[in-house]
Amino acid sequence: MSDSMPTPSNPYQAAQQPLSPADEKLWSILVHLGGIFFNFLPALIGYVVLKDRGPFVRQHTGTALNFQITLVIAYAVGAVTTLLLIGFLIIGAAAIANIVFSILAAVAANKGEYYQYPLAIKFIK
């Protein structure tokens, strides 16, 4: 066997090709809008699968994941405090914030702009 042939460290891993700018925008939009219907799952899957495919999609999937994790915490606090009746307000406010801010983020992604969700805790840098 010749030494000139490099051996891959993981033969089952395909080389990651960068996404085109149009594809980065599309996936960013889908991750943001998917959060409205499926909570954190689109952001988590998008971050894991697409984070190394381009800086634009990495920023958008990371910020969407941070926001969705923050919302999961808000929903949990709301669920715990429903006995005090304030939990219903927390859950409602979190649901409205999810819809409004996810749409704003998708519009920013469509324009090719970066977006930071307000009130999101930074779990992922």
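Note: the structure precedes this text.
Please read these numbers as outputs of a predicted model, since none were measured by experiment.

Would you mind going over the overall build of the protein with me for this structure?
Secondary structure assignment for the protein yields four helices and zero strands. Ordered by position from the N terminus, the helices and strands of the protein form the series α-α-α-α. Scored against the burial criterion, the 125 residues of the protein give a buried share of 34%. Counted over contacts in the protein with a minimum sequence separation of 6, partners at least 24 positions apart contribute 67%. Accessible surface, the protein: about 8,000 Å² in total, of which carbon and sulfur atoms supply 71%.

Before we go on, may I ask you to explain unusual backbone geometry in this structure?
Note: most peptide bonds trans; most residues except glycine with negative phi. For Asn39, which is not glycine, the phi dihedral falls at a positive 55°. On the secondary structure map, Asn39 appears in the loop between helix H1 (21-38) and helix H2 (41-50). We note that Leu85 has phi near 70°; this positive angle belongs to a residue other than glycine. Counting through the fold element by element, Leu85 comes out in the loop between helix H3 (55-80) and helix H4 (86-110). Taking the relative accessible area as the measure of exposure, Leu85 reaches 59% and is therefore exposed.

Whenever I open this one, the side chain of His32 confuses me. Can you help?
Within the secondary structure, His32 sits in helix H1. Contact partners of His32, with chain neighbours within four places excluded, come to His60, Thr63, Ala64, Ser102, Ala105, Ala106, Ala109 and Tyr117.

Teacher, can you tell me more about the packing of aromatic side chains here?
In the structure shown here, the tally under the stated rule is four aromatic pairs. With a centroid separation of 4.1 Å and 5° between ring planes, the pair formed by Phe67 and Tyr117 is classed as stacked. Taken as a pair, Phe67 in helix H3 and Tyr117 in the segment after H4 lie far apart in primary sequence, 50 residues in all. Clustering of aromatic rings is evident, with ring pairs tying together Phe67, Phe101, Tyr115 and Tyr117.

Looking at this model, I keep getting lost on the nonpolar core. Mind explaining?
A general tendency of soluble globular proteins is for nonpolar side chains to be buried together. Counting residues in each nonpolar core, the largest one holds 15 residues, and the members touching the most others are Ala43, Ala64, Leu65, Phe67, Phe101, Tyr115 and Tyr117. Sorting the residues of this core by element identifies H2, H3 and H4 as the ones contributing at least two each. Excluding anything up to four places from it in sequence, Leu65 contacts Phe40, Ala43, Leu44, Tyr47 and Ile124.

It is not clear to me how a nonpolar patch on the surface should be interpreted in this structure. Could you clarify?
A surface patch of nonpolar side chains, amounting to about 870 Å² of accessible area, comprises Phe37, Phe38, Phe40, Leu41, Leu44, Ile45, Val48, Val49 and Val72. For the nonpolar patch, the elements supplying multiple residues, two or more each, are H1 and H2. A total of five residues in the nonpolar patch trace back to one element, the largest contributor, which is H2. In this structure, Val49 sits in helix H2.

Please clarify how H2 should be interpreted in this entry.
Because the α-helix completes a turn every 3.6 residues, residues three or four places apart line up on one side. Within H2, the full set of buried residues consists of Pro42, Ala43, Gly46, Tyr47 and Leu50. Down the axis of H2, the sector holding all buried residues measures 125°, keeping them to one side. Facing away from the buried side of H2 by over 90 degrees, the exposed positions are Ile45 and Val48. The elements touched by buried residues of H2 are H1 and H3.

About the thresholds
Residues numbered from 1 in each chain as written. Predicted model: local features only at pLDDT ≥ 70, side-chain atom pairs only at ≥ 80, totals over all residues. Heavy atoms only, no water. Helix = DSSP H or I, 4+ residues; strand = E, 2+ residues; numbered from the N terminus. Buried < 20%, exposed > 50% of the residue type's maximum accessible area, 1.4 Å probe, protein only. Contact = heavy atoms within 4.5 Å. Areas by Shrake-Rupley, 256 points an atom, 1.4 Å probe, with all protein chains shown as cover. Phe/Tyr/Trp six-rings, centres within 6.5 Å; stacked < 30°, edge-to-face > 60°. Core = buried A, V, L, I, M, F, W, Y, C linked by side-chain atoms within 4.5 Å. Patch = residues over 30% accessible without salt bridge, like charges linked within 9 Å, V, L, I, M, F, W, Y side chains within 5 Å. Salt bridge = Lys/Arg side-chain N within 4 Å of Asp/Glu carboxyl O. Arc of directions from axis to C-beta.

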